[in-house]
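In case you want the letters, here they are:
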Amino acid sequence: DARVTQTPRHKVTEMGQEVTMRCQPILGHNTVFWYRQTMMQGLELLAYFRNRAPLDDSGMPKDRFSAEMPDATLATLKIQPSEPRDSAVYFCASGLSSGVSYNEQFFGPGTRLTVL
Amino acid sequence: EDQVTQSPEALRLQEGESSSLNCSYTVSGLRGLFWYRQDPGKGPEFLFTLYSAGEEKEKERLKATLTKKESFLHITAPKPEDSATYLCAVQVGYNKLIFGAGTRLAVHP
């Protein structure tokens, strides 16, 4: 049963600490997305990759957030330093895109981040 | 500016009481419209993709339709297990999805 996995599932940290979230996309998928979900803003796209190359990170606060794909099986989202306003659920999703056509995104279970 | 608006924000139904959820959008160059279901504490789960006006998709008690300005998710004879938040998203560009705020559906026995 292919699915997106994310670690950790829950993270509580103090303001100023570094936070790293990890995602393993579905094998064979070539696009990976990072989203943030809050009650106020809903689901927002932070960044996405295609064939491991970053295509759009305009939704991400550049001064403190960074996203990478060290290899095809791992995507990371890092926050340094973390702030209380970063508290949210962070979702990773993966999909298969051929460029023009587009298929659905499959979401992971999310990482619930609380910054005190 | 690309925008997706879902209504109502919340909907309470009795089991068996059919209804519809609305997703209206203003985007430049729609490439696809997606419906997702999200249960508490879980990630969104894909339901449907619609690409062109007039298209319809069905899955069990759910039916999604698309016009040039909006999409409807019709729920026929809902059951308590259909309770969830239903999210609509539009594809802009090659890969980017813009999500609506969702409709929280509660179906009571």
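Residues numbered from 1 in each chain as written. Chains lettered and ligands numbered in written order. Predicted model: local features only at pLDDT ≥ 70, side-chain atom pairs only at ≥ 80, totals over all residues. Heavy atoms only, no water.

Trainee: Just to check I follow, could you spell out the pairing of strand β7 (residues 62-66) of chain B for this structure?
Mentor: Where a strand is regular, its side chains alternate between the two sheet faces. Residues and elements named next belong to chain B. Across the five residues of β7, four count as buried, placing the element largely inside the fold. The pairing of strand β6 (residues 56-59) with β7 spans four bridges and is antiparallel. Note that in β7 the partner of Lys-57 across the bridge is Ala-64. Relative to strand β8 (residues 70-75), β7 runs antiparallel, the two being bridged by five bridges. (Buried < 20%, exposed > 50% of the residue type's maximum accessible area, 1.4 Å probe, protein only. Helix = DSSP H or I, 4+ residues; strand = E, 2+ residues; numbered from the N terminus. Pairing = 2+ DSSP bridges.)

Trainee: Can you help me understand the packing of aromatic side chains in this one?
Mentor: Aromatic ring pairs: the centre-centre distance and the angle between the two ring planes describe each pair. In the structure shown here, the tally under the stated rule is 10 aromatic pairs over all chains. For the pair Tyr-35 of chain A and Phe-107 of chain A, a centre-to-centre distance of 5.3 Å together with 35° between the ring planes defines the contact as tilted. Note that Tyr-35 of chain A is positioned in strand β4 (residues 31-38) and Phe-107 of chain A in strand β10 (residues 106-107), a separation of 72 residues in sequence. As far as burial versus exposure is concerned, Tyr-35 of chain A and Phe-107 of chain A are alike and both buried. A network of ring pairs unites the aromatic residues Phe-33, Tyr-35, Tyr-48, Phe-91 and Phe-107 of chain A together with Phe-34, Tyr-36, Phe-46 and Phe-99 of chain B as a single cluster. (Phe/Tyr/Trp six-rings, centres within 6.5 Å; stacked < 30°, edge-to-face > 60°.)

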